[in-house]
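Structural overview
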Amino acid sequence: MSFARASSFPPSDADAASVSFDGLGLAPELLKAVVDSGYTVPTPIQARAIPLALAGKDIMGGAQTGTGKTAAFALPILQRLLPLASSSPSPARHPVRALILAPTRELALQVFGAVKTYAKYTPLRAMCAFGGVDIKPQTAELKSGVEILVATPGRLLDHVEQKSVHFNAVQTLVLDEADRMLDMGFIPDIRRILNLLPAQRQSLLFSATFSDEIKRLADVILKMPVLLEVARRNQVSETILHRVYSVAEHDKRALLIHLLKSGEITQTIVFTRTRQGCSRLARELQRAGIGADAIHGDKTQHERIRTLDAFKSGQIAALVATDVAARGLDIEELPYVINYELPHVPEDYIHRIGRTGRAGRQGKAISLVAAHEADYLRDIEKLLKKPVERILLPDFELETNSAAGQGRGRAARRPVAVAAEPSRGVRPERARSERLIAPDGFDFSKPYEPRGDLSPASADAPPAPYRRPKKPIAALLGGLGRKPET
Ligand code: AMP
């Protein structure tokens with residue numbers, strides 16, 4: 001695919017920084033909504049994309065959540081629909097004219113919320129269609145007519161099958177977080193949807209990454225697109241401090257509880273890889289007296305919204321989440337993100353930590369990394385183009401807690417771990433498992449006297465007794481423990 005390149009247009013990030021909303025050619029009713037939202041200057045992706053999208057261009061946008069990309073496509077869509085807006089109640093006067101596809105319910109709802117906010121001074125109608133909830137109210141709303149439809153692909157196809165939606169008037173298609181759609185296997189669905197859309201249309205594709213597969217998808221969807229790339233979060237967020245705590249798998253829970261009970265971390269997302277692990281960890285945190293809840297794909301929409309609201313309002317301190325569920329969640333100014341398990345796809349690390357360090361604020365990304373995750377850490381460092389500092393937690397010591405240890409099987413019989421003695425690192429016979437030593441020579445097991453099996457299977461071993469670090473938690477946090485700036 002070849003992309004249009006213009007020397008002065010779209011403006012560079014530096015030029016874009018001096019553009020004002022007034023200068024973007026937006027209608028007064030949209031500008032008013034922008035002002036109500038508290039935005040004073042357009043973000044770089046907005047400054048660059050809005051004029052192009054208003055001019056009807058196709059765009060391939062490299063931008064993630066947090067860059068302001070939603071307004072970058074939503075405002076021009078609304079503006080281009082304004083002349084067609086009708087106050088007539090007749091459904092025929094409100095056909096679907098803009099279709100916005102998003103990979104998850106959360107993201108779809110978030111985009112829908114933004115569209116509604118920007119459209120509040122216009123007569124344009126918007127709705128959101130996603131799975132996991134009763135289809136009938138959506139069908140009724142679709143039949144009454146909407147100009148802007150935000151949808152997840154699966155549910156949209158359900159509506160297509162029910163003939164509750166028609167696409168002959170669609171003039172703009174947006175694929176939001178296309179890379180995630182690909183990861184989630186939505187491409188066949190998207191191809192089916194594309195076949196139903198008018199060939200004459202504007203298409204906008206947003207993706208955090210530009211893999212070959214994304215480029216192939218763009219080839220099918222976009223016509224002479226302009227390529228816009230704004231700094232990826234790992235580049236913009238130099239304010240994020242990354243730290244790895246090397247910790248045995250079976251000690252992760254105790255360490256996490258320490259961190260959360262320290263008082264330093266008032267609100268955080270804790271990322272896990274699997275849905276079961278996510279629920280289990282949330283329960284364990286609750287049992288430890290920490291306000292926590294899980295958000296993952298097995299939860300109903302209602303549960304997810306309730307949990308998210310509780311987190312946003314500060315009722316719960318730890319939102320335990322899987323990558324898919326957390327994707328696209330707009331949670332502002334999170335001072336900490338904790339990776340309880342490293343993602344297997346390094347780009348997911350970038351997405352995860354994109355929840356912190358926004359708008360130049362300092363953010364902290366803490367990863368609890370066990371020996372078996374060494375390869376994933378290496379891939380992440382390759383993507384970040386820098387090593388992540390490892391904290392060895394020399395004073396993190398198992399408390400001799402006989403009550404906690406009695407009768408609990410293998411964990412109870414384990415010797416008390418004393419981490420501070422380097423000479424008692426991995427004994428040759430215990431180091432039988434090569435995976436203890438990371439390929440870059442970093443010995444993840446070093447801070448601990450190995451006890452029991454440190455292999456991944458030990459994740460299911462009974463939890464280690466509660467431990468208390470000798471050092472104050474601020475020291476444990478390795479310089480991360482300062483109160484977040486406000
Ligand atoms: P998005 O990347 O579209 O998910 O937007 C991330 C967050 O940035 C949302 O909370 C938006 O309300 C906010 N936002 C979008 N545009 C601007 C802007 N120009 N100024 C300040 N905040 C903005």
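Right, let's walk through the structure included here.

How each quantity is defined
Residues numbered from 1 in each chain as written. Predicted model: local features only at pLDDT ≥ 70, side-chain atom pairs only at ≥ 80, totals over all residues. Heavy atoms only, no water. Pairing = 2+ DSSP bridges. Helix = DSSP H or I, 4+ residues; strand = E, 2+ residues; numbered from the N terminus. Axes fitted to C-alpha atoms, helices over the stretch in contact; angles between N-to-C directions. Buried < 20%, exposed > 50% of the residue type's maximum accessible area, 1.4 Å probe, protein only. Arc of directions from axis to C-beta. Contact = heavy atoms within 4.5 Å. Right-handed = clockwise from strand over helix to strand, strands pointing away. Phe/Tyr/Trp six-rings, centres within 6.5 Å; stacked < 30°, edge-to-face > 60°. Parallel < 35°, antiparallel > 145°, perpendicular 65-115°, else oblique. Left-handed = near helix turned anticlockwise from the far one by under 90°. Nonpolar A, V, L, I, M, F, W, Y, C, P; charged D, E, K, R; others polar. Core = buried A, V, L, I, M, F, W, Y, C linked by side-chain atoms within 4.5 Å. Polar contact = N/O pair within 3.5 Å; in protein donor to acceptor, adjacent residues only side chain to side chain.

Here we look at the sheet that holds strand 5 (residues 172-175)
Overall, parallel pairing links the seven strands, which are arranged 3-4-2-5-6-1-7 in an open sheet. Of all strands in the sheet, those bounded by a partner on one side alone are strand 3 (126-129) and strand 7 (226-229). Here the strands of the sheet are splayed against their neighbours by 15° on average, with no regard to which way each runs. Inspection of the sheet shows strand 1 (residues 59-62) paired to strand 6 (residues 202-207) by four bridges, in the parallel sense. When the bridges of strand 6 are listed, G62 appears paired with S207.

Observations regarding helix 9 (residues 187-196)
When we look at burial in helix 9, the residues that qualify are I187, I190, I193 and L194. Here the buried residues of helix 9 occupy an arc of 115° about the axis, which is enough to place them on one side. Exposed residues lying more than 90 degrees from the buried face of helix 9 are P188 and N195. Looking at the buried positions of helix 9, the neighbouring elements they touch are strand 2 (98-101), helix 7 (153-161), strand 5, helix 8 (178-183) and helix 10 (212-221).

What about the environment of I338?
Mapped onto the elements of the fold, I338 is located in strand 12 (residues 336-339). Classification of I338 as buried rests on a relative accessible area of 0%. It is 6.2 Å that separates the C-alpha atoms of I338 and I269, two residues lying 69 residues apart in sequence. In contact with I338, not counting residues within four places along its chain, are L256, L260, I265, T268, I269, V270, F271 and I366.

With respect to the pairing of strand 4 (residues 148-151)
Of the two faces of strand 4, the one lined by I148 and V150 and the one lined by L149 and A151 are each fully buried. One ladder, built from four bridges, connects strand 2 with strand 4; its direction is parallel. Pairing of L99 across the sheet is with L149, part of strand 4. Bridge analysis of strand 3 against strand 4 gives four bridges, and the strand direction is parallel. Bridged to M127 within strand 4 is L149. The parallel pair strand 3 and strand 4 is bridged by helix 6 (residues 136-144), and the resulting crossover is right-handed.

Description of the packing of aromatic side chains
On inspection of all chains with the given rule, the structure shows three aromatic pairs. On the numbers, 6.2 Å between centres and 65° between planes, the contact of Y39 with Y118 is edge-to-face. Note that Y39 is positioned in the loop between helix 2 (28-36) and helix 3 (44-54) and Y118 in helix 5 (residues 105-118), a separation of 79 residues in sequence. Here Y39 falls in the partly exposed class, since its relative accessible area comes to 32%. Y118 gets classed as buried once you look at its relative accessible area, which sits at 4%. Judged by centre distance (5.4 Å) and plane angle (45°), the ring pair of F73 and F206 falls under tilted. Of this pair, F73 sits in helix 4 (residues 69-81) while F206 sits in strand 6, and the two are 133 residues apart along the sequence.

A few points about helix 6
Taken together, the buried positions of helix 6 are occupied by Q138, T139 and L142. Take helix 6 and look down its axis: the buried residues cluster within an arc of 100°, on one side only. Of the residues flanking the end of helix 6, it is G145, one or two places downstream, whose phi is positive at about 100°.

Considerations on the packing of helix 12 (residues 252-261) against helix 13 (residues 275-287)
At a closest axis distance of 11 Å, the pairing of helix 12 and helix 13 adopts a crossing angle of 55°. Relative to helix 13, the element helix 12 lies oblique. Pair helix 12 / helix 13 crosses with right-handed handedness. In this structure, helix 12 contributes R253, L256, I257 and L260 to the contact, and helix 13 contributes L281, E284 and L285. In terms of residue class, the contact of helix 12 with helix 13 is built from five nonpolar, no polar and two charged.

Description of the sheet that holds strand 13 (residues 363-369)
The strand order across the open sheet built from seven strands is 10-11-9-12-13-8-14, with neighbouring strands paired in parallel fashion. In this open sheet, the two strands that pair with only one neighbour each are strand 10 (292-295) and strand 14 (389-391). Taking each pair of neighbouring strands and ignoring which way they run, the sheet shows an average axis angle of 25°. The pairing of strand 8 (residues 240-246) with strand 13 spans seven bridges and is classified as parallel. Residue H242 lies in a different strand from strand 13, and its bridge partner there is A365. On the sheet, helix 16 (residues 346-353) packs against strand 8, strand 9 (268-271), strand 12 and strand 13 and is oriented at approximately 150° with respect to strand 12.

Here's the deal with the nonpolar core
Judged by nonpolar contacts, the single largest core of 48 residues is most densely connected at F73, L75, I100 and I148. Among the elements that make up this core, the one with the highest residue count is helix 4 (eight residues). Those residues in contact with I148 that lie beyond four places of it in its chain are I77, L78, L81, A98, I100, V115, L124, R125, A126 and M127. Among the nonpolar cores identified, the runner-up in size contains 33 residues, and V146, A151, L175 and I187 belong to it.

Describing the side chain of Q46
Inspection of the secondary structure puts Q46 in helix 3. By relative accessible area, which is 3% here, Q46 ends up buried. In this structure the side chain of Q46 is engaged in a polar contact, spanning 2.9 Å, whose partner is the backbone oxygen of G68. Non-local contacts of Q46, meaning those with residues more than four positions away in its chain, are made with F21, L24, P51, G68, A71 and A72.

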